[in-house]
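Topology and contacts: notes
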Amino acid sequence: MGKYVWPCPGYSRISSSYGNRVCPFHGNEFHDGIDLAAASGTPILAFGPGTVTMSGWNGGYGNYISIDHGGGLMSFYGHCSALYVSKGATVKAGQKIAAVGTTGSSTGNHLHFGMHKNGSPVNPQSYVKDSDTASNYTGAGGGSATNTVKAMFTAYYPANNAMEGGFLDAMGNPLDTSKRTCAAPPSVAFGTKVTVQGTGTSLDGVTYTVNDRGGAIQIENGVYHFDLLMRTNEECNTWGVKYGTAIIGGDGSSSGSVEESQPESKPITKVVVKSTTGAAGTRKEDLRQLPSYQQAGVEITIQNNNNQMQNPIIEGDIVWETTRRGTPSSLKFTVVKDEMLNFHEGNPVSFRFNGSDVFYGYVFSKSRSDSLLIDVTCYDQLRYLKNKDTISYENKTYAELLKMLAADYGLTVGTVADTKYKIPQRIEEGTLFDTLGNASDLTLINTGKVFNLYDDFGKLTLKPYEEMLLPIYIDEDTAQDYTYTSSIDCDVYNRIKLAYDNGETGEREVHVMNDTASQGRWGVLQYYAKLDSALSTADLQTKAQALLKYFNVIRRELTMKKVFGDIRARAGASVAVGMGLGDINISNYMCIEKAKHTFSHGLYTMDLYLSGIRGEFSA
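This write-up is about the structure you can find in this document.

Cut-offs used in this document
- Residues numbered from 1 in each chain as written.
- Predicted model: local features only at pLDDT ≥ 70, side-chain atom pairs only at ≥ 80, totals over all residues.
- Heavy atoms only, no water.
- Salt bridge = Lys/Arg side-chain N within 4 Å of Asp/Glu carboxyl O.
- Buried < 20%, exposed > 50% of the residue type's maximum accessible area, 1.4 Å probe, protein only.
- Core = buried A, V, L, I, M, F, W, Y, C linked by side-chain atoms within 4.5 Å.
- Helix = DSSP H or I, 4+ residues; strand = E, 2+ residues; numbered from the N terminus.
- 1 Å grid on protein atoms, 1.4 Å probe; cavity = no way out; pocket = protein on both sides within 12 Å on 5 of 7 lines; lining within 4 Å.
- Points joined across faces, edges and corners; volume = space filled by probe spheres on them.
- Pairing = 2+ DSSP bridges.
- Axes fitted to C-alpha atoms, helices over the stretch in contact; angles between N-to-C directions.
- Contact = heavy atoms within 4.5 Å.
- Phe/Tyr/Trp six-rings, centres within 6.5 Å; stacked < 30°, edge-to-face > 60°.
- Lys NZ or Arg CZ within 6 Å of the ring centre and 35° of its normal.

Counted under the stated rule, the structure contains 13 salt bridges. One salt bridge connects D132 with K129, and the closest N-O pair in it is separated by 3.7 Å. K129 gets classed as partly exposed once you look at its relative accessible area, which sits at 48%. Ionic pairing is found between K284 and D286, a salt bridge with its closest N-O pair at 3.6 Å. Through salt bridges that share partners, E299, R352 and D357 make up one connected network.

Structure representation (structure tokens):
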């Protein structure tokens, strides 16, 4: 008996747990829920009674629903294929609210189920388990006792009086096609609520009331037969016969009653701008063309509002940081205020070292604790990718999408590689980083290729991973300190299983790819995904190979501090590493996830956070 309801009935396998993990899309991250692997279209039930606070697209979560249960408790459901309740709706525990899918940042059909308590993430498994079904729900705000059975649903419509029973139900009342009524086996009492489930149609979750009988309406081999009264003859002919499950009993508070009061919304397929007020502004940037003074050491130049080029006096350290995904590079320094120095937020800033271009960006914040020193924080163009927007596009590559967004936001583009893979129609809602990150992930999954997006001294640049290998060698002697970890506990798989439901043959087609060698060392670690669309055997094998290459590696991470500095070592680039780490001797290239460069009174060092494309590297 449960106080809450498990949201994915019949499915208990958790493909990714709550807590820290390496995400195939976002690298190291905190996973704010649990992933329940389930077939596409599987009903998603409300964890408890409450009010829907969001129902729609939510960035990487895809189609998303959140429910406020009161007392600071909130549940949310991501990657849905369909949403059956709207924002503001009141739902009951166990009510069908959505269907499982793979929208947003997802490699296969599953439900991302998360919870917050007083605004902070909590583990859903602390509240509910898979044995907490709707039928044994004991909390407040649920339906009455119910029974779920296998069912065959047949559509009917009273087209003429020649039909058995004519226009009257079994109790002699005229049939009303505007109401949801049905005929049921004799063991199901008149007035009983019957909720349709699992047919894969828009009537899933709709509740009917039993008011009729029929000689052929029986229970055969455990399958209950129901005749559903349709609203039009066309609807009747389209429906025909469907198989699924029926919830017998309850109070009829499933999404069928919601459908009666809320018009069905059309799926959003494109974004249309209806009005724009004012023209987009442009910033004068002569600093872009300013040549380097070719002086030794550091050179910071600021172009102020009067178009003056200023080289301020720097006090203390200059820190330049780059991160591989989802973050602009930053430049932080402290200037000495004098009578001539005059600059503001938004002014362009350049940083060169020994005459070489390092950073080009803009002042975003200034702070001071006395009258002489000003702390300055600058970001490059990627800072503008934190803007939120709704973006729709169709049949574009990752590279083409980047150029489109750059044109929309007035960003300067440099070298952009051809990413090849054409992404089908997408509607994205979130930051531009989210939109581009999803395009990068889809490109990786479909081609196995990783591309690095960064700002190259004021120009958006997109290069393949293999073109950013640096002739820089790092070992124990070049770093003052390092830390190293390795693991196969999370997001490591050596068997890839891809499935597709073939509607023509009625078979679930499963394709499996094993890595026998690693299974002999680690045991079988399986990745499973159910595909929404059919692929050829060759395409499936290519996809499985890409996933196996991506996941079939020990997760290893290496952090090296106080390495001799080199301005070429930025996030996304790779450096050669030669180290003995106990369980493995490293002698290969490793990708820089994050780099922190510090210029301090003539001493230049860098801290490098190394891993690989997804947090791994190989011997």
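Judged by nonpolar contacts, the single largest core of 26 residues is most densely connected at Y77 and I97. Those elements giving two or more residues to this core turn out to be β4 (33–37), β7 (63–70), β8 (73–80), β11 (96–99) and β12 (110–117).

Moving on: empty space enclosed by the protein. Scanning the entire structure with this criterion turns up 6 cavities of 30 Å³ or more. In this structure, the largest cavity occupies an estimated 100 Å³ of space. Taken together, 15 residues form the lining of the largest cavity, with T323, L382, L453, Y454 and R570 sitting closest to its centre. Among the elements of the structure, β23 (318–323) and β31 (451–455) are those that each provide at least two residues to the lining of the largest cavity.

A few words on the sheet that holds strand β32 (residues 460–464). What the 3 strands build is an open sheet, ordered β29-β32-β31; its pairing is mixed. Two strands close off the open sheet at either side, each with one partner strand: β29 (413–416) and β31. Across this sheet, the average inter-strand angle for adjacent strands is 15°, counted without regard to direction. Pairing geometry for β31 and β32, over 5 bridges, is antiparallel. Within β32, the position partnered with L453 by the bridge is L462. Together, β29, β31 and β32 form the strand contacts of helix α3 (residues 398–409), whose direction differs from that of β32 by roughly 175°.

Turning next to unusual backbone geometry. Even without glycine at this site, N118 takes up a positive phi of about 55°. Within the fold, N118 resides in the loop between β12 and β13 (120–122). Its identity is not glycine, yet K420 carries a phi of approximately 70°, on the positive side. Position of K420 relative to the elements: it lies in the loop between β29 and β30 (426–431).

Across the sheet, 3 strands lie side by side as β5-β11-β9; this open sheet has antiparallel pairing. Because the sheet does not close on itself, it has two edges, and the strands there are β5 (43–45) and β9 (82–83). Where β9 lies against β11, 2 bridges are found, and the strand directions are antiparallel. Note that in β11 the partner of L83 across the bridge is A98.

Our next topic: the packing of aromatic side chains. The relative placement of two aromatic rings is captured by the distance of their centres and the angle of their planes. Applying the stated criterion to the full structure yields 21 aromatic pairs. Here Y4 and F47 contribute two aromatic rings whose centre-to-centre distance is 4.2 Å and whose plane-to-plane angle is 15°, an arrangement assigned as stacked. Of this pair, Y4 sits in the segment before β1 (14–16) while F47 sits in the loop between β5 and β6 (50–57), placing them 43 residues apart in sequence. Of the two residues examined, Y4 and F47, each falls in the buried class. Taken together, a centroid distance of 6.0 Å and an interplanar angle of 85° make the contact between Y360 and Y362 edge-to-face. You'll find Y360 and Y362 in the same group, each marked buried. Within the aromatic cluster, the residues linked to one another by ring pairs are Y360, Y362, F364, Y379, Y384 and F457. In this structure, K366 is placed above the aromatic ring of F343, and the distance from its NZ or CZ to the ring centre is 4.7 Å.

Here we come to the environment of Q545. As for its placement among the helices and strands, Q545 is situated in helix α6 (residues 537–551). In sequence terms Q545 and G448 are 97 residues apart; their C-alpha atoms lie 8.8 Å from each other.

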